[in-house]
Amino acid sequence: MGALRWTEADVPDQSGRVAIVTGSNTGLGFDTARVLAQHGATVVMAVRDTAKGEAAAAQIRQTAPAADIAVHKLDLGSLASVRAAAAEIGSAYPRIDLLINNAGVMYPPKQTTADGFELQFGTNHLGHFALTGLLLGNLLPVDGSRVVVVASIAHNIRAKIAFDDLQWERRRYERVASYGQSKLANLMFAYELQRRLAAANAKTIAVAAHPGVSNTELIRHVPGSSLPGVKTLAGLVLNSPELGALPTLRAATDPAVVGGQYYGPDGFREMRGYPKLVDSSRQSHDRDIQQRLWMVSEELTGVSFGI
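From a predicted model like this one, the values you see are computed outputs, not experimental measurements.

## A short note on the nonpolar core
Phase 1: Ranked by size, the top nonpolar core spans 50 residues in total, and within it Ile 20, Ile 89, Ile 161, Leu 193 and Phe 305 carry the most contacts.
Phase 2: For this core, the secondary structure elements donating two or more residues are strand S1 (18-22), strand S2 (42-47), helix H3 (79-92), helix H4 (119-139), strand S5 (146-150), helix H5 (175-199), strand S6 (205-209) and helix H9 (287-301).
Phase 3: With nine residues, H5 is the largest single contributor of residues to this core.
Phase 4: Discounting chain neighbours no more than four positions away, the residues touching Leu 193 are Thr 132, Val 147, Ala 206, Trp 294, Phe 305 and Ile 307.
Phase 5: Counting residues in each nonpolar core, the second largest holds 34 residues, with Val 11, Ala 209, Leu 243 and Ala 245 among its members.

Shown next as structure tokens:
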């Protein structure tokens with residue numbers, strides 16, 4: 001492995017491994033799926049738009065003709081869709097080595113999911129919480145299996161778990177704070193999941209990663225992002241999707257990774273660069289909040305992990 005910079009070249013051979021990557025038709029998820037497929041993994045692209053997913057799979061096959069890729073429909077904003085996808089994927093792949101919870105939405109106008117949850121919290125956290133719980137039985141028997149949760153440096157920006165108003169029904173909606181809550185929830189879920197897996201002496205570990213500030217479609221709701229020249233400037237100062245995917249890939253494949261770790265870029269304020277072990281906010285490590293969030297998430301999704 002590279003002494004200073006961990007790159008795609010450092011990904012070990014993934015032959016024989018099955019990787020589920022949510023939101024993998026574009027951006028970080030696409031490059032995560034691409035690299036895993038190029039290194040021999042069977043990749044399941046779990047996406048909301050299967051036509052776009054098939055187009056992305058075809059693009060990956062151009063660089064890796066022997067790639068084993070399948071596309072499955074998954075709308076994280078619908079618990080019915082999450083359950084259907086988990087049943088379909090779980091049946092097709094009894095053995096799962098990697099579950100990479102990558103998909104997400106950022107800064108949209110206030111909206112709700114099919115189940116009435118605020119869109120960012122419902123999609124980024126609750127949808128992935130339910131999917132993980134429903135697929136965990138396929139991971140637990142597998143040596144070296146991992147759940148990778150993609151978080152964000154936004155977990156520390158105006159973020160708190162507002163248990164008295166998780167869905168922004170009483171307060172004036174603030175898209176930045178709402179996104180921060182969802183990303184803080186992602187991290188807390190990863191940490192609490194790892195604690196429960198360790199207590200059960202499971203073969204599976206939970207790890208978190210963040211891409212820094214990456215130039216992907218996720219920023220389309222950022223004010224001013226559509227102005228002339230902004231996309232060009234973003235390409236110069238932000239992480240490319242290829243670089244932004246590296247912390248996730250390291251968390252998923254580096255043999256030295258242990259459960260409960262968090263990976264992000266090594267540059268200024270972790271906004272861009274190559275992946276290294278990083279830390280998260282003090283708040284994200286609060287076990288009482290983690291456990292309360294877990295209980296609330298089970299109640300809201302109707303999904304219990306059994307660990």
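Still to come is the rest of the account.
## Digging into helix H8 (residues 246-253)
Phase 1: Counting buried positions over the eight residues of H8 gives eight, a clear majority of the element.
Phase 2: Those residues of H8 that sit buried are Leu 246, Pro 247, Thr 248, Leu 249, Arg 250, Ala 251, Ala 252 and Thr 253.

## Observations concerning the sheet that holds S6
Hydrogen bonding along the main chain pairs the strands of a sheet, whether they run parallel or antiparallel.
Phase 1: Taken together, eight strands build an open sheet; the order of strands is S3-S2-S1-S4-S5-S6-S7-S8 and the sheet is mixed. Where the open sheet ends on each side, the last strands, each with one partner, are strand S3 (68-73) and strand S8 (275-277). With direction set aside, neighbouring strand axes in the sheet form an average angle of 20 degrees.
Phase 2: Bridging between S1 and S2 involves five bridges; their strand directions are parallel. By the bridge assignment for S2, Val 18 is matched with Thr 42.

## Quick notes on the environment of Arg 48
Phase 1: Among the structural elements, Arg 48 can be located in the loop between S2 and helix H2 (50-63).
Phase 2: Residue class for Arg 48 comes out exposed when judged on its relative accessible area of 56%.
Phase 3: C-alpha of Arg 48 to C-alpha of Ser 280: the two residues are 232 residues apart in sequence and 30 Å apart in space.
Phase 4: Ignoring anything within four residues of it in the chain, the contact list for Arg 48 reads Lys 73, Leu 74 and Asp 75.

## Quick word on the packing of aromatic side chains
Phase 1: Enumeration according to the criterion identifies eight aromatic pairs in this entry.
Phase 2: Here Trp 294 and Phe 305 contribute two aromatic rings whose centre-to-centre distance is 4.6 Å and whose plane-to-plane angle is 55 degrees, an arrangement assigned as tilted. Linking Trp 294 in helix H9 with Phe 305 in the segment after H9, this pair joins segments that are 11 residues apart in sequence. Grouping residues by exposure puts Trp 294 and Phe 305 together as buried.
Phase 3: One cation-aromatic arrangement involves Arg 171 over Trp 168; the distance from NZ or CZ to the ring centre is 3.6 Å.

## Some details on the pattern of salt bridges
Phase 1: Counted according to the given criterion, the structure contains 10 salt bridges.
Phase 2: Arg 34 serves as the salt-bridge partner of Glu 8, at 2.7 Å between the closest nitrogen and oxygen. With Glu 8 in the segment before S1 and Arg 34 in helix H1 (residues 27-38), this pair connects stretches of sequence that are 26 residues apart.
Phase 3: According to the relative accessible area criterion, Arg 34 is buried, its value standing at 12%.
Phase 4: In this structure, Asp 254 engages Arg 250 in a salt bridge whose closest nitrogen and oxygen atoms are separated by 2.9 Å. Here the two residues Asp 254 and Arg 250 agree in accessibility, since each one is buried.
Phase 5: Through salt bridges with shared partners, one network takes in Glu 8, Asp 31 and Arg 34.

## Details of unusual backbone geometry
Phase 1: Its identity is not glycine, yet Arg 158 carries a phi of approximately 55 degrees, on the positive side.
Phase 2: Structurally, the position occupied by Arg 158 is in the loop between S5 and H5.
Phase 3: Phi at Arg 269 is positive, roughly 50 degrees, even though this residue is not glycine.
Phase 4: Examined against the element boundaries, Arg 269 turns out to sit in the loop between strand S7 (262-265) and S8.

Reading the values: rules and limits
Residues numbered from 1 in each chain as written. Predicted model: local features only at pLDDT ≥ 70, side-chain atom pairs only at ≥ 80, totals over all residues. Heavy atoms only, no water. Core = buried A, V, L, I, M, F, W, Y, C linked by side-chain atoms within 4.5 Å. Buried < 20%, exposed > 50% of the residue type's maximum accessible area, 1.4 Å probe, protein only. Helix = DSSP H or I, 4+ residues; strand = E, 2+ residues; numbered from the N terminus. Contact = heavy atoms within 4.5 Å. Pairing = 2+ DSSP bridges. Axes fitted to C-alpha atoms, helices over the stretch in contact; angles between N-to-C directions. Phe/Tyr/Trp six-rings, centres within 6.5 Å; stacked < 30°, edge-to-face > 60°. Lys NZ or Arg CZ within 6 Å of the ring centre and 35° of its normal. Salt bridge = Lys/Arg side-chain N within 4 Å of Asp/Glu carboxyl O.

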